[in-house]
Amino acid sequence: MAYLKQLITSIVLMAICASADGQIIFSDSTQISILTCSMGADSYERFGHTGVRINDLKNGQDIVFHWGVYDFDEPCFVLKFIKGITDYQIGACYTSDFIRQYKRRGLGMKEQKLNLDSKQRTQAIAAILDNYRPENRKYRYNFFFDNCSTRPFDVINAATDNAIEYDTTWVKPITLRDMLQEKTSKNNWLDFGISLAVATRSDQKASFGEQMFLPDYLMKAYDNATIGGRKLVEEKNLLLETTPETLERIDDKMILLSPNVVFSALLILVVIFVIGARTNKSKRIEVMVKATTCIMLAASGITGSIIWFLNFFSLHPAVDHNVNCLWLLPTNIIFAALIWVKSAEKVNRIYFFIIFALTIAYAIINIGIIHQYINPAFWPLLGALIVMSGHHILGNRHEEELS
């Protein structure tokens, strides 16, 4: 049934696009609104969503356009997404279906009816329908600078011939990373993952235009804007409220399993194992140290492979020049296996010295020069790496005593 409705919507829109030799005909009762969807608990819902509603009350056409459609069935979708070759497209559906979808997910939705004159409405609708043509639908998605929120912002600005005057007194000096953390919250795994992948570009102050990548900020910008001496938003409506269940899931802190707790426990465990290995002279404890080291190297190596790929090969913005590449080394995967090889002791000792030096260099360079954000959970993890590598630099002498 949903597919049938989508098919009917597409046919109707194609007919409108093709009608009257490209001249778009709509009644004087047509209203253009911005729909801002609230954040949800899941990672892909954390940043909200924006849609443009075109509601022709006289002709009964009430349609939402939004720039957030992607095709999971596209060949090599995951690889292309990681590499930054991510083609999204504009989608359209009946407003009733759009609202029903978000209601089913327990998410909120607010509407801002824009106070545009006839010419401005005509130009906005023409631009949106032209964007909806099959040959124009796809665009190269860019999370910070070209997404579901920046597209409506650009379309409305162009349709009004940049006549909108934005009151920026509410705008505060904030970085892109600060804005992300408003949605992800701190001390959770999503924030930890973003802290690993997103680099120094996100720690620079975001301009007013750059802040429009978040739907909430776009909504606030319109609330404080005027056009032709009148308020841009003539009416606001709450179409959906976020359900208590969704709010509870968003506020779930998972403190006991947070990155800070997990990596602090890892640091304590590593320190205990290392002290035990260096004082007890027990092969069993040394095996436990090697096993822990193997897991840490494998995990950091796999993570490092992703971070290095993003840094050197991905087209995503704000993931290059990532200082985390200093301590997240892809080669750790190799040495996770070599640590068990007796004949590779000398090579291992040199490699662990490299880890030790680079981990300390990361902290010094980052704090003193580059100032890329360091997630609090990084510190116990870095500490565990330093203790672990320091033990293996000196640990061979101890193994000689055991043999």
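The following paragraphs examine the structure supplied in this document. Since the model is a prediction, treat every value here as computed from it, not as a measurement.

Let us now look at the overall build of the protein. Looking only at helices and strands, one finds 14 helices and 10 strands in the protein. Relative to its 403 residues, the protein shows a buried fraction of 49%. Within the protein, contacts between residues at least 6 apart in sequence are counted, and of these 78% link residues at least 24 apart. About 20,000 Å² of surface is accessible on the protein, with carbon and sulfur atoms providing 62% of the total.

The next point concerns the pattern of salt bridges. According to the stated counting rule, one finds 15 salt bridges in the structure shown. In this structure, the salt-bridge partner of Asp 216 is Lys 183, at a minimum N-O distance of 2.3 Å. Here the residue Asp 216 occupies a position in helix H8 (residues 215-223), and Lys 183 occupies one in helix H6 (residues 176-184), the gap between them amounting to 33 residues. We classify Asp 216 as partly exposed; its relative accessible area is 31%. Each of Arg 53, Asp 62 and Glu 111 takes part in a single network of salt bridges with overlapping partners.

Core analysis: the biggest nonpolar cluster contains 47 residues, and Phe 65, Leu 114, Ile 128, Met 179, Met 212, Tyr 222 and Leu 232 have the highest contact counts within it. For this core, the element with the highest residue contribution is helix H4 (residues 118-132), accounting for five residues. Beyond its immediate sequence surroundings of up to four residues, Met 212 is in contact with Ser 149, Thr 150, Phe 153, Trp 170, Tyr 217, Leu 218 and Ala 221. The next biggest cluster of nonpolar side chains, apart from the first, holds 33 residues, and it includes Phe 263, Leu 266, Leu 328 and Ala 377.

With that out of the way, let us pick up a nonpolar patch on the surface. On the surface, Trp 189, Leu 256, Leu 257 and Val 262 cluster together into a nonpolar patch covering about 420 Å² of accessible area. With respect to the helices and strands, Leu 257 occurs in the loop between helix H9 (244-250) and helix H10 (259-280).

Another aspect to go through is the packing of H10 against helix H11 (residues 283-312). The description of two packed helices rests on the angle between their axes and on the distance between the axes. Two elements in contact, H10 and H11, have axes separated by 9 Å at closest approach and are oriented at 145°. Handedness of the crossing formed by H10 with H11: left-handed. Residue-level contacts link Leu 266, Val 270, Phe 273, Val 274, Gly 276, Ala 277 and Asn 280 of H10 to Ile 285, Glu 286, Met 288, Val 289, Thr 292 and Met 296 of H11. Of the residues assigned to the contact of H10 with H11, the class counts are nine nonpolar, three polar and one charged.

On inspection of all chains with the given rule, the structure shows zero disulfides. Of all cysteine sulfurs in the structure, the one in Cys 37 sits closest to Cys 148, which takes part in no disulfide; the separation is 8.5 Å.

Turning to the packing of H4 against helix H5 (residues 150-159), a few remarks are in order. Between H4 and H5, the least distance of the axes is 8 Å, while the angle of their chain directions is 135°. By the criterion of interaxial angle, the relationship of H4 to H5 is oblique. Of the two elements, H4 crosses H5, and the hand of that crossing is right-handed. Facing H4, whose interface residues are Gln 120, Gln 123, Ala 124, Ala 127, Ile 128 and Asn 131, H5 presents Arg 151, Val 155, Ile 156 and Ala 159. A class-by-class count of the residues in the contact of H4 with H5 yields six nonpolar, three polar and one charged.

Quick look at the sheet that holds strand S5 (residues 109-114) now. An order of S6-S4-S3-S2-S1-S5-S10 is seen for the seven strands of this open sheet, with the pairing classed as antiparallel. Two strands bound the open sheet, and with one partner strand each, they are strand S6 (138-140) and strand S10 (233-240). Going across the sheet, the axis of each strand differs from the next one's by a mean of 25°, ignoring polarity. As judged from the three bridges shared by strand S4 (residues 87-94) and S6, these two strands associate in the antiparallel manner. Bridging across to S6, Asp 87 finds its partner in Arg 140.

Definitions and cut-offs
- Residues numbered from 1 in each chain as written.
- Predicted model: local features only at pLDDT ≥ 70, side-chain atom pairs only at ≥ 80, totals over all residues.
- Heavy atoms only, no water.
- Helix = DSSP H or I, 4+ residues; strand = E, 2+ residues; numbered from the N terminus.
- Buried < 20%, exposed > 50% of the residue type's maximum accessible area, 1.4 Å probe, protein only.
- Contact = heavy atoms within 4.5 Å.
- Areas by Shrake-Rupley, 256 points an atom, 1.4 Å probe, with all protein chains shown as cover.
- Salt bridge = Lys/Arg side-chain N within 4 Å of Asp/Glu carboxyl O.
- Core = buried A, V, L, I, M, F, W, Y, C linked by side-chain atoms within 4.5 Å.
- Patch = residues over 30% accessible without salt bridge, like charges linked within 9 Å, V, L, I, M, F, W, Y side chains within 5 Å.
- Axes fitted to C-alpha atoms, helices over the stretch in contact; angles between N-to-C directions.
- Left-handed = near helix turned anticlockwise from the far one by under 90°.
- Nonpolar A, V, L, I, M, F, W, Y, C, P; charged D, E, K, R; others polar.
- Disulfide = S-S within 2.5 Å.
- Parallel < 35°, antiparallel > 145°, perpendicular 65-115°, else oblique.
- Pairing = 2+ DSSP bridges.

Remember that the coordinates give geometry; whether it matters functionally is a separate question.
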